[in-house]
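Residue-level structure breakdown
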Amino acid sequence: MKKYLLLVFSLLFGIFHSQIIRKYSNEFLNIGAGARGLAMGGAVISNQDDVYSPMWNPAGMMAIERDWQGAAMHAEYFESIAKYDYLAYAKVLETGVFGVSVVRLGVDNILNTTQLIDTEGNIDYDKITKFSQSDYAAILSYAFNPAGNPKLDVGINAKIVYRNVGKFASGYGFGFDVGAIYKADNGWRYGGMLRDATTTVNFWSINQKELSTVVNGEEFNPAPKDKMELTMPKLNVGASKKFDFSSNIYVLPEAGLNIDFARTAALVSTDFASITPYAGAELGYQKMIFVRLGVNRFQSITDIEDLKRKVSFQPSAGIGIKYRGLTLDYAITNSGIGGSNFYSNFFSLKLDMGEFRND
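Residues numbered from 1 in each chain as written. Predicted model: local features only at pLDDT ≥ 70, side-chain atom pairs only at ≥ 80, totals over all residues. Heavy atoms only, no water.

**Things to note about the overall build of the chain**
For clarity, the cut-off: Strands here are runs of E lasting at least two residues and helices are runs of H or I lasting at least four, both read from the DSSP assignment and numbered beginning at the N terminus. For each residue, the accessible area found with a 1.4 Å probe, counting protein chains only, is set against the maximum for its type, and the residue is called buried under 20%, exposed over 50%, and partly exposed in between. Method for areas: the Shrake-Rupley scheme with a 1.4 Å probe, in which residue coverage is limited to the protein chains shown.
Per the secondary structure count, the chain includes four helices and 21 strands. Split into buried and exposed, the 359 residues of the chain put 42% on the buried side. Of the roughly 19200 Å² that the chain leaves accessible, carbon and sulfur atoms contribute 63%.

And the structure:
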């Protein structure tokens, strides 16, 4: 056993030092899914309990008690320049809950000017074409109670990633996420999600002919030398508790930390890890109408005008309505408080067949 562990450690050590580790690789998988979680600023690591759980914490699928759930979400970023879509399905099995999710983030109609100037330096606008840049992921999820312990839920994601940059490049990747939720007797719930637990590996294929161009004997847009890309693990932890004010009204707050194992612009940043807090809450009325608020993505940034350090964060809000087994949610987020006018709108729909059959 020691020999095998040593071999695995040696291989990982060699990969980390010989390949490219990207701080923001496969970042589209960190956006999350479901307007509920996005409205709460991602404060759902310990309380997301439906088909949207794989994007936050796959252990949350164990809250699906019967039959199956389906979900769909659509969002547009930066005045509809980028489009984000999510489809998911979860089915209750005898030993746990199985889920499958599909994610796409794409930017279409990007101008391709690589052939605008010919080999002799002449400009030909007819050579301008358009292409799309798209990121896809298929996620297989499974949640269960280890050793039959009802207080502990565990979930695993297996991810297959495909990324395409027009005719210029394409990449395939794979990785795993692991999550857990512990339900204490006093009503508190503690959750943790380790994204890219074994690192997620992307293998890129570059079309040098399409990417580069030669003008007057000089090459522009040379192909990158590194064809492998690694996504380092990220840890999200949170705690939540539901407070009932009456038989009709409740408040469910959560607070926690997002931990990146790299130096970033987070409030607490070291060479080993960067730590950012988050918080959010949901107000529910008769389990039918919901109001949500959240705050996330705290960063220490430098103002371009006065060069002073400032704290930026991403606020969010949303509402939801539920009728029988059908839930419609809406969320809106801003990219930060630095005078940004970029707002993103999220709409998501969930069908819980178990509740329909109960009626």
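**With respect to the packing of aromatic side chains**
Quick note on the threshold: Aromatic rings from Phe, Tyr and Trp, taking only the six-membered ring of Trp, are treated as a pair when their centres fall within 6.5 Å; an angle between ring planes under 30 degrees marks them as stacked, one over 60 as edge-to-face, and anything in between as tilted.
Across all of its chains, the model carries 10 aromatic pairs by this definition. With 5.8 Å between their ring centres and 20° between their planes, tyrosine 142 and phenylalanine 144 make a pair best called stacked. Exposure remark for tyrosine 142: the relative accessible area of 27% places this residue in the partly exposed category. Given the relative accessible area of 23%, phenylalanine 144 is considered partly exposed.

**Some points on the side chain of arginine 163**
Going by this rule: Any N or O atom pair separated by 3.5 Å or less is treated as a polar contact, with the protein-specific requirement of one donor-capable and one acceptor-capable atom, and with residues adjacent in sequence counted only for side-chain atom pairs.
Mapped onto the secondary structure, arginine 163 falls in strand 6 (residues 152-165). Within polar-contact distance, the side chain of arginine 163 engages the side chain of aspartate 135 at 3.1 Å. Reaching out from arginine 163, the side chain makes a polar contact with the side chain of glutamate 229 at a distance of 3.4 Å.

**Regarding the environment of tyrosine 343**
To be explicit about the condition: Any two residues whose heavy atoms approach within 4.5 Å at even a single point are treated as in contact.
With respect to the helices, strands and loops of the structure, tyrosine 343 is situated in strand 21 (residues 343-352). For the pair tyrosine 343 and glutamate 76, spaced 267 residues apart in sequence, the C-alpha separation works out to 9.2 Å. Other than its neighbours up to four places away in sequence, tyrosine 343 contacts Ile332, Thr333 and Asn334.

**Structural notes on the environment of lysine 167**
One can find lysine 167 in the loop between strand 6 and strand 7 (169-183). The spatial distance from the C-alpha of lysine 167 to the C-alpha of serine 132 is 9.0 Å, given a sequence separation of 35 residues.

**Observations regarding the environment of lysine 91**
Inspection of the secondary structure assignment puts lysine 91 in strand 3 (residues 82-92). Other than its neighbours up to four places away in sequence, lysine 91 contacts Asp67, Trp68, Gly96, Val97 and Phe98.

**What about the pairing of strand 9 (residues 200-206)?**
Heads up, the condition is: One bridge is not enough; two strands pair if DSSP finds at least two bridges between them.
Bridge analysis of strand 7 against strand 9 gives six bridges, and the strand direction is antiparallel. Directly across from glycine 171, in strand 9, lies its bridge partner tryptophan 204. The pairing of strand 9 with strand 12 (residues 228-231) spans four bridges and is classified as antiparallel. Looking at the pairing, phenylalanine 203 lines up with methionine 228 of strand 12.

**Thoughts on the pattern of salt bridges**
Rules: Between Lys or Arg on one side and Asp or Glu on the other, a salt bridge is scored when a side-chain nitrogen of the former is within 4 Å of a carboxyl oxygen of the latter.
Enumeration over the complete set of coordinates arrives at 13 salt bridges. Through salt bridges with shared partners, one network takes in Arg36, Glu282, Arg292 and Asp329.

**A word on the confidence of the model for the chain**
What counts, and what does not: A score between 0 and 100, pLDDT records how confident the predictor is in each residue.
Of all residues in the chain, 83% have pLDDT values of 70 or greater, and the mean over the chain is 83. For the chain, per-element mean pLDDT is lowest for helix 1 (residues 2-18), which scores 38, and highest for strand 8 (residues 189-195), which scores 96. Here residues 1-19 is a poorly scored stretch, pLDDT under 50, and it has seven contacts once near neighbours within four places are set aside; other chains count.

**Some thoughts on the nonpolar core**
Put simply, the test is: Here, the term nonpolar core denotes a set of buried Ala, Val, Leu, Ile, Met, Phe, Trp, Tyr and Cys residues that are joined through side-chain atoms within 4.5 Å.
Counting residues in hydrophobic clusters, the biggest one holds 38 residues, and the most contacted among them are Phe28, Met55, Tyr84, Tyr86, Val103 and Phe346. Looking at this core, the elements that each hand over two or more residues are helix 2 (35-39), strand 2 (68-77), strand 3, strand 4 (97-112) and strand 5 (129-144). In terms of residue count, the dominant contributor to this core is strand 3 (five residues). If near-sequence neighbours (up to four positions away) are discounted, tyrosine 86 is found in contact with Ala33, Val51, Tyr52, Pro54, Met55, Ala71, Ala72, Met73, Ser101, Val102 and Val103.

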